[in-house]
Amino acid sequence: MKKSIRKLLPLILSGVLLGGTAASLIASAGEPYDVYNYDRWGEAIPSQAGYIADRTVSGYDLGIGPMDSPSDIFCDHNRIFYIADTKNNRVIALDSELDRVVEIYDEFRLPDGSVTTLDQPEGIFVSAENDCIYIADSNNERVLVCNYDSEVVMEIVRPDSELFSAPTFRPKRVVADKAGNVYVVLDNITTGAAMFGPEGEFTGFYGANRVQPTSEIISNYIRNIFSSEEKKASRPRNVPTGITSFDIYGDFIFTCTASSTQTTDTVKKLNAAGKNIFANLELAFGDYTPIYDASQNKLFSPAICDIDIADDGNINCLDLTTGRVFQYDEDCNLLFITGTIAKQVGGFNQVSALESLDNCLYVLDSQKNTVTVFVETSFGEVVHEAAELYNAGYYEEALEPWYEVLRRDGNYRRAYIGVASALLRKGDYKGSMKYAKLADAPLIYDKAFEGWRREFLKEHFTEIAAITAVLAAVLIYIGKRKKKKPAGISAADMENTEKKEE
Amino acid sequence: MMDLSQGQWVKHAVTHPFEGFEDMRWKKSGSMKIAALIILLLFFAQIANGRLYGFQFRVSYDKTFSIVPYLVKSVVLFAVWVIGNWSVCTLLDGEGTIKNICIYSAYALVPYIAQLYINVLLSHVLIMDEYVFMQVIQFIGVGWTAILLFSAIKSVHQYSFGKTVFAVLLTVVAMLIMLFLLVLFMSLIQQVYIFISTIYTEIFYRIRV
């Protein structure tokens with residue numbers, strides 16, 4: 001056992017640990033990987049775990065036979081988990097403890113009384129508004145909308161519209177908003193998610209990715225200016241990578257794109273109009289440094305294959321390449337990195353979907369055919385509390401939790417920012433400067449320094465005035481003596497001009 | 001007239017942009033020691049500029065420290081300027097010797113160096129809203145040095161205005177060529193080093209077996 005960990009560690013961590021940091025690593029108990037976070041310079045540093053793997057749940061544990069390539073997991077408002085058990089052509093409903101099967105959906109009654117079955121369902125969603133289950137029934141080329149009693153309410157099939165030019169209609173993921181609009185991620189569609197009205201009518205596409213301006217695309221663009229129409233037509237068109245998955249949170253839809261080549265728009269926050277709110281922020285999701293695999297001579301960059309927004313607004317991104325969950329707060333600050341590619345509990349073969357409930361994360365593995373449950377550690381709890389207070393603007397209330405975070409992990413940069421902001425709000429400028437410096441946060445330091453300077457000047461005004469007066473007197477005296485034997489501009493005069501500019 | 005010590009000559013040259021260097025040339029003054037000291041001060045100023053700046057203006061990466069970029073920004077750049085200018089102006093009937101070019105150019109750098117030190121000090125007193133004051137000082141320092149450098153080249157070679165412009169432009173081109181060759185040479189040396197070390201390793205293994 002120990003040997004296998006030792007063999008695995010260098011593989012897993014080759015891209016994680018940069019020189020010099022390895023020595024101070026303290027692995028938390030039970031993890032098949034070393035926990036890390038990123039500092040201000042984008043370098044990996046050891047950190048405390050925010051989540052630890054608690055257990056895995058397989059089909060055997062539930063007594064319903066093994067799952068086969070499950071591809072989506074969803075938790076509805078009644079705390080019931082739904083798993084799209086793709087190759088078994090069924091949807092499994094479990095209770096919130098994941099130990100009891102509530103229902104298995106595999107046969108549905110159509111309104112005309114006939115029975116229909118699923119063929120490789122890949123996406124599942126339950127709407128809290130109309131208590132309907134939305135199933136992306138991939139091979140049947142339809143989205144099935146049914147109630148809890150397996151009665152089909154509506155079927156969404158390939159729209160007969162001029163706008164929809166693709167020959168196939170293979171839904172991968174589906175969500176519905178409060179108004180009953182249905183959004184469907186389709187395979188091989190790069191123009192965004194297909195959008196349907198509450199009655200199932202096709203209304204257009206939503207939230208397409210942008211094309212990443214790589215050097216190849218720019219050179220093609222320049223060449224196209226000079227080339228003929230025929231040549232232009234024979235060139236491959238520049239299309240962005242299609243959306244891989246999405247999640248709905250309040251009025252916003254978060255999309256993610258698993259692409260090994262594209263780095264723009266991998267994670268988007270779309271408003272109702274389809275505008276990406278993250279578009280102009282310089283954000284990077286997943287690992288900063290791509291991992292090099294010597295056995296395949298390939299660089300593996302992050303591919304975010306599923307996204308989930310927790311109830312407190314935290315953004316969980318699932319990286320297919322490394323099997324890691326990257327948790328960000330609502331402002332896209334990295335909180336925790338959890339998981340890896342490994343055989344043990346807490347490691348994965350091929351992750352496919354992610355869901356969160358309360359303080360747990362549920363990660364679906366489509367090759368292990370299991371759901372892994374991660375529970376929040378006490379460290380994670382403190383960080384979440386502090387980050388939530390901080391993001392809501394309660395800086396001073398967040399001070400104690402941030403101090404607690406620092407007691408547990410002195411490398412946690414967000415905590416230094418939190419403490420610096422809180423102390424600045426309190427008026428403890430000296431302390432704020434100290435913590436802002438530790439956090440490498442020049443903007444907070446600037447504000448704290450301004451306050452500190454103001455107080456310093458107020459306190460020591462008499463001394464400063466006296467010293468200035470004496471200095472001025474001395475300078476004038478020197479200047480007068482120099483004037484008796486002139487030799488250009490004296491050094492004293494030069495200093496005088498500088499003082500004025502100050 | 002003009003019986004100044006070497007130190008006073010620096011002051012005179014710096015404060016008289018138009019005839020300071022002419023006077024210096026007429027008096028055959030200027031000291032190599034002071035020029036070397038100025039370049040040393042430039043070197044320290046660059047380090048201070050990179051490392052000791054007020055935290056609110058610049059966060060420096062302090063996990064490692066490499067002296068090479070600071071050497072390049074001060075000593076190497078100055079040396080390339082002097083050599084480039086000398087080689088260009090020798091061909092353009094310039095009267096300056098390499099020693100004089102070195103001394104005059106170094107003297108011309110004084111406002112720039114002073115500006116660096118002043119701004120490093122100010123950056124610990126001012127906040128970001130008051131950055132404009134530092135920009136003004138920087139602008140004055142750089143502009144003053146530019147004028148002085150131009151005037152230095154003009155008087156050391158006894159050029160007309162137009163010819164000085166031409167010579168300065170050619171010098172910049174020469175500097176670029178030299179830096180290019182330097183980089184080329186470095187990578188070549190590296191290649192040779194790798195070649196030799198590979199042969200060494202190979203032979204070493206054979207001998208052991």
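Residues numbered from 1 in each chain as written. Chains lettered and ligands numbered in written order. Predicted model: local features only at pLDDT ≥ 70, side-chain atom pairs only at ≥ 80, totals over all residues. Heavy atoms only, no water.

Things to note about the side chain of Thr-116 of chain A
Residues and elements named next belong to chain A. Positionally, Thr-116 belongs in strand E9 (residues 115–117). When its relative accessible area of 13% is taken as the criterion, Thr-116 is described as buried. Engagement of the side chain of Thr-116 in a polar contact is seen with the side chain of Arg-142, the distance being 2.8 Å. The contact partners of Thr-116, leaving out residues within four places of it in the chain, are Asp-106, Glu-107, Phe-108, Leu-110, Arg-142 and Val-152. (Helix = DSSP H or I, 4+ residues; strand = E, 2+ residues; numbered from the N terminus. Buried < 20%, exposed > 50% of the residue type's maximum accessible area, 1.4 Å probe, protein only. Polar contact = N/O pair within 3.5 Å; in protein donor to acceptor, adjacent residues only side chain to side chain. Contact = heavy atoms within 4.5 Å.)

Description of the environment of Tyr-193 of chain B
Along the chain, Tyr-193 of chain B turns up in helix H8 (residues 161–208). For the pair Tyr-193 of chain B and Trp-9 of chain B, spaced 184 residues apart in the sequence, the C-alpha separation amounts to 47 Å.

Some points on the domain arrangement of chain A
Looking at chain A, the domain boundaries give domain 1 (212–240), domain 2 (399–459) and domain 3 (461–501). Taking only C-alpha atoms, the centre of domain 1 of chain A and the centre of domain 2 of chain A are 51 Å apart. (Domains from an automatic or database assignment.)

Notes on a negative patch on the surface
All names here are of chain A. On the surface, Asp-311, Asp-312, Glu-330, Asp-331, Glu-381, Glu-385 and Glu-388 cluster together into a patch of negative charge. As for its placement among the helices and strands, Asp-312 is situated in the loop between strand E23 (304–309) and strand E24 (315–319). For Asp-312, a relative accessible area of 30% translates into the label partly exposed. (Patch = residues over 30% accessible without salt bridge, like charges linked within 9 Å, V, L, I, M, F, W, Y side chains within 5 Å. Areas by Shrake-Rupley, 256 points an atom, 1.4 Å probe, with all protein chains shown as cover. Salt bridge = Lys/Arg side-chain N within 4 Å of Asp/Glu carboxyl O. Lys, Arg positive; Asp, Glu negative; His and termini not counted. Charge placed at Lys NZ, Arg CZ, Asp CG, Glu CD.)

A short note on the interface of chain A and chain B
Across the boundary between the two partners, chain A contributes 20 residues, which contact 18 residues of chain B. Summed over both partners, the interface of chain A with chain B comes to about 1,900 Å²; 65% of that surface belongs to carbon and sulfur atoms. The interface formed by chain A and chain B includes 3 salt bridges. A salt bridge links Lys-63 of chain B to Asp-39 of chain A, with the shortest nitrogen-to-oxygen separation between them at 2.5 Å. Between the two partners, chain A and chain B, sit 6 residue pairs in polar contact (both at pLDDT 80 or more). At the level of elements, helix H8 (429–439), helix H9 (442–459) and helix H11 (491–501) of chain A are the ones that each hand at least two residues to the side of chain A that touches chain B. For the side of chain A that touches chain B, the element with the highest residue contribution is H9 of chain A, accounting for 7 residues. Its residues assigned to classes, the side of chain A that touches chain B comprises 9 nonpolar, no polar and 11 charged. (Buried area = accessible area lost by both parts, 1.4 Å probe. Nonpolar A, V, L, I, M, F, W, Y, C, P; charged D, E, K, R; others polar.)

Quick notes on the sheet that holds strand E3 (residues 51–58) of chain A
Hydrogen bonding along the main chain pairs the strands of a sheet, whether they run parallel or antiparallel. All names here are of chain A. The sheet built from 4 strands is open, its strands ordered E3-E31-E30-E29 with antiparallel pairing. Each edge of the open sheet is held by one strand with a lone partner, namely E3 and strand E29 (351–357). Across the sheet, the axes of successive neighbouring strands diverge by a mean angle of 25 degrees, strand direction being ignored. As defined by bridge partners, strand E30 (residues 360–365) adjoins strand E31 (residues 370–376) across 6 bridges and the pair is classed as antiparallel. Note that in E31 the partner of Leu-364 across the bridge is Val-371. (Pairing = 2+ DSSP bridges. Axes fitted to C-alpha atoms, helices over the stretch in contact; angles between N-to-C directions.)

Quick look at the sheet that holds strand E17 (residues 202–206) of chain A
Residue and element names in this part refer to chain A. With antiparallel pairing, 4 strands are arranged side by side in an open sheet as E14-E15-E16-E17. Of all strands in the sheet, those bounded by a partner on one side alone are strand E14 (171–176) and E17. For this sheet, the mean angle separating the axes of adjacent strands, direction not counted, is 25 degrees. Two elements, strand E15 (residues 182–186) and strand E16 (residues 193–196), share 3 bridges in a ladder whose sense is antiparallel. The residue bridging Tyr-183 from the neighbouring strand is Met-195, located in E16.

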